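# Per-entry structural report
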Amino acid sequence: MAWVPVGSLTRGAALVTSQAPACEPCHGAGLRGLTVAPPIAGRSASYAMRQLYEFKAGVRSEGNAALMKPIVEKRSMDDLTAIVAYLSSLPP
Ligand code: HEC
């Protein structure tokens, strides 16, 4: 359970499902994971936020993290907050 600004869920849903680049091609249907990328639905908001921040800052850069860098680098922290609010609201 995490408290997020009002409107985050709706905005996060739009960012995840209707704005390019979409997440499902890599993270799978329902964002439950594929071979290329791990499941991201229904995980802790603070964990997900930390990962997105670290991709953005370039702190998490090993493995296939390079695939995530372009996804997060142009998004604001507000956008990332909305995205994780939505992700953590989904069934795992
Ligand atoms: C081009 C493929 C691709 C797309 C598109 C993509 N991702 Fe990822 N994502 C990855 C890969 C690959 C990883 C694992 C990186 C690694 O190996 O460290 C990852 C990891 C993550 C993680 C961390 C998961 C964990 O368990 O540490 C989050 C959160 C995440 N992605 C969110 C998103 C969101 C939200 C979107 C859409 C806005 C998105 N991703 C779009 C490929 C992608």
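Now for a look at the structure at hand. Here the structure is a predicted model, which means the values were calculated and not measured. (Residues numbered from 1 in each chain as written. Predicted model: local features only at pLDDT ≥ 70, side-chain atom pairs only at ≥ 80, totals over all residues. Heavy atoms only, no water.)

Before going further, it helps to spend a moment on the site of the ligand. By nearness alone, 24 residues border the ligand, and C23, C26, H27, R60 and M68 come closest of all. Separating a nitrogen atom of the ligand from a side-chain N or O atom of H27 is a distance of 2.8 Å. Here an oxygen atom of the ligand sits 2.7 Å away from a polar atom, N or O, in the side chain of R60. If you list the elements that add at least two residues to the shell around the ligand, you get α2 (24–27), α3 (45–57) and α5 (77–89). When residues in the shell around the ligand are grouped by element, the largest group, four residues, is from α3. When the residues that make up the shell around the ligand are grouped by side-chain class, the tally is 17 nonpolar, three polar and four charged. (Near = heavy atom within 4 Å. Polar contact = N/O pair within 3.5 Å; in protein donor to acceptor, adjacent residues only side chain to side chain. Helix = DSSP H or I, 4+ residues; strand = E, 2+ residues; numbered from the N terminus. Nonpolar A, V, L, I, M, F, W, Y, C, P; charged D, E, K, R; others polar.)

This brings us to the pattern of salt bridges. Evaluation of the coordinates by the stated rule reveals two salt bridges. In this structure, D79 engages R11 in a salt bridge whose closest nitrogen and oxygen atoms are separated by 2.9 Å. Of this pair, D79 sits in helix α5 while R11 sits in helix α1 (residues 8–17), and the two are 68 residues apart along the sequence. Taking relative accessible area as the criterion, D79 reaches 17% and is therefore assigned buried. With a closest N to O distance of 3.5 Å, E54 and R50 form a salt bridge. Here E54 pairs with R50, and both are found in helix α3, just four residues apart, close to one helical turn. On the basis of relative accessibility, which here comes to 53%, the residue R50 falls in the exposed class. (Salt bridge = Lys/Arg side-chain N within 4 Å of Asp/Glu carboxyl O. Buried < 20%, exposed > 50% of the residue type's maximum accessible area, 1.4 Å probe, protein only.)

Let's shift gears to the coordination of the iron atom of the ligand. Note on the iron atom of the ligand: its protein donors are H27 (NE2) and M68 (SD). The metal-donor distances range over 2.0 to 2.1 Å. Geometry at the iron atom of the ligand is octahedral, judged from its six donor atoms and the angles of 85 to 179° they form at the metal. Of this pair, H27 sits in helix α2 while M68 sits in the loop between α3 and α4 (69–73), placing them 41 residues apart in sequence. When sorted by exposure, H27 lands in the same class as M68, which is buried. (Donors = N, O, S within 2.8 Å, 3.2 Å for Na, K, Ca; no water. Tetrahedral: all angles 85-135°; square planar, octahedral: opposite > 155°, others 65-115°.)

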